[in-house]
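Observations on the three-dimensional arrangement
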Amino acid sequence: MQFIDFKKEHFSHDEETENYFLEISKDEVGYGELSVKQKKEDETLSDTEYTIEDSVEAIKIIVNNPIDIRVNF
């Protein structure tokens, strides 16, 4: 399994929904299953609440507040 780490600075704010989101091209992560974990300061990973919107070209990860994450694919 491969992964990509993203910092909270990578998230954009959606003013309509008050959520934060990050878009990843399917060219980067492929077309299989994804999982998202919060990456803590001590480098441990924990479960987090998120929503994924899947389109033909990209994956959009939506969270309530910007956090450091690891996306496994």
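Structure first, text after, so check above.
Since we're looking at a predicted model, the values are computed, not measured.

All right, on to the pattern of salt bridges then. Using the criterion set out here, one finds 5 salt bridges in the structure. Measuring nitrogen to oxygen at the nearest pair gives 2.5 Å for the salt bridge that ties aspartate 54 to lysine 26. One end of the pair, aspartate 54, is in strand β6 (residues 51–54); the other, lysine 26, is in helix α1 (residues 26–29), and 28 residues separate them in sequence. Relative accessible area serves as the criterion here: at 54%, aspartate 54 is assigned to the exposed category. Overall, lysine 26 belongs to the buried group, its relative accessible area being 8%. Ionic contacts of the salt-bridge type, sharing partners, join the residues Asp5, Lys39, Glu43 and Arg70 into one network.

What counts, and at which threshold
Residues numbered from 1 in each chain as written. Predicted model: local features only at pLDDT ≥ 70, side-chain atom pairs only at ≥ 80, totals over all residues. Heavy atoms only, no water. Salt bridge = Lys/Arg side-chain N within 4 Å of Asp/Glu carboxyl O. Helix = DSSP H or I, 4+ residues; strand = E, 2+ residues; numbered from the N terminus. Buried < 20%, exposed > 50% of the residue type's maximum accessible area, 1.4 Å probe, protein only.

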